[in-house]
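# Results of the structural survey
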Amino acid sequence: MKATAVAHPNIALVKYWGKRHVDLNLPSAGSLSVTLAGMKTRTTVTFDPQLDKDIIFINDRVQTGRRLERLSAFIDRMRSMAGVGWRVKVNSENDFPTAAGLASSSSGFAALAAAGCAALNLEPTREQLSVLARLGSGSAARSVPGGFVEMLPGDEDADGTDAFAEPFAGYAHWDLRCIIALTARGEKSVGSTEAMLHTADTSPYFEAFVDSVPEDIKRAREAVKARDFLALGQVAEHSCLKFHASAIAAKPGILYWNGQTIGLIHRVRRMREEGVKVFFTIDAGPHVKVFCESAALSAVREFLKAVPGVHDFIVAKPGPGVRLEVENGRLIPAWRS
Ligand code: PMV
């Protein structure tokens, strides 16, 4: 009744922004991402008949209130799948900042789903694990497989079992680097669910964003397959700016960026004008993720350092999907093949 899983966050190159079904966490459109080694969540789950309530620690902080409710409701799904009522103790550690627009919910729910299923002997397939992780957080579905991943939005609204993530190129396919430039400390201002719903309700640009996603996915898939960096950069930056534009145009507008975010956008564009192959993407927070090929890493990092107010960099690269930790720390796939 105890298991440990390790998952990596993923960064979307074609963004997910909007839900067509809130309870089942079904996306309004697909998305496309890369799972990133270099940052990880490690989660241990223990179901215990002696406990009378769930006790959940994230980075040694006990969870309370709405956060605890959200996590317990997620674990309830696994309890009902296994026909078990026992309460749980969870210990989850991120080796990178939590809830700051760095996709900690993606690795967090992927690791929790995998460790919870293993502790309950549920043996899900990769698709089933991705569906389960999606119920915790939409982007978590994409942290189940490794490498380059497409999230299929599905069209089954009764139970959402066809909305899961599928890998289309392994992590060794393309030796990219992602430099995450941290521009602020602390947690993000508006959570993604609340912000998505507010955008869908009030932004005149929301539907235009959603309508544009399928074409972006097609172009991004082709660019990844062909390892066409400039083509991938074009579609990724466009998708990122369209999602932010739709959120900025909500009433009142949601603006995740700070001054350093904008400084970094200009810096990346300047580098590109000077011939460096580089592009940026930004999620629901002020940090900027800059992609380049491995050979350009140190030059790009030096260039980014010139932007004042950027307090740290994390370097990541395409990595594997969620895995279970077994004896001697050995990692094995978290799904039944
Ligand atoms: O998985 P959520 O609910 O935290 O939403 C993620 C939303 C973005 O990070 C902004 C975009 C994406 O596709 O990851």
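See above for the structure.
Quick summary incoming for the structure in this document. Owing to the predicted nature of the structure, the values given are computational and were not obtained by experimental measurement.

## Topic: the pairing of strand β7 (residues 55-58)
- With 4 bridges connecting them, β7 and strand β9 (residues 87-94) associate as parallel partners. In the strand pairing of β9, I55 is matched with K89.
- As paired strands, β7 and strand β8 (residues 61-62) are joined by 2 bridges and run antiparallel to one another. Among the inter-strand pairings, F57 is bridged to a residue of β8, identified as V62.
- The hairpin turn running from β7 into β8, its antiparallel successor, is 2 residues long, and N59 in that turn takes a positive phi close to 50 degrees.

## What about the environment of L304?
- Assignment of secondary structure puts L304 in helix α8 (residues 297-305).
- For the pair L304 and I179, spaced 125 residues apart in sequence, the C-alpha to C-alpha distance is 9.3 Å.
- Once residues lying within four places of it in the same chain are set aside, the contact partners of L304 are I179, L264, R267, V268, M271, V290 and F313.

## What about helix α2 (residues 104-119)?
- For α2, spanning 16 residues, the distance from its first C-alpha to its last is 22 Å, which sits close to the expected 22 Å at 1.5 Å a residue.
- Counting buried positions along α2 yields 13 of 16 residues, so the element is predominantly enclosed.

## Let's talk about the pattern of salt bridges
- Counting across every chain of the model gives 17 salt bridges.
- Put simply, K40 and D95 hold a salt bridge, and the shortest N to O gap is 3.9 Å. Here the residue K40 occupies a position in the loop between β5 (31-37) and β6 (41-48), and D95 occupies one in the loop between β9 and α2, the gap between them amounting to 55 residues.
- Overall, the relative accessible area of 34% leaves K40 in the partly exposed class.
- Residue D95 is classed as partly exposed on the basis of its relative accessible area, which comes to 46%.
- Across the salt bridge formed by E302 and K305, the nearest N and O atoms sit 3.3 Å from each other. Note that E302 and K305 are positioned in helix α8 at a spacing of 3 residues, about one turn of the helix.

Conventions adopted
- Residues numbered from 1 in each chain as written.
- Predicted model: local features only at pLDDT ≥ 70, side-chain atom pairs only at ≥ 80, totals over all residues.
- Heavy atoms only, no water.
- Pairing = 2+ DSSP bridges.
- Helix = DSSP H or I, 4+ residues; strand = E, 2+ residues; numbered from the N terminus.
- Contact = heavy atoms within 4.5 Å.
- Expected span 1.5 Å × (residues − 1).
- Buried < 20%, exposed > 50% of the residue type's maximum accessible area, 1.4 Å probe, protein only.
- Salt bridge = Lys/Arg side-chain N within 4 Å of Asp/Glu carboxyl O.

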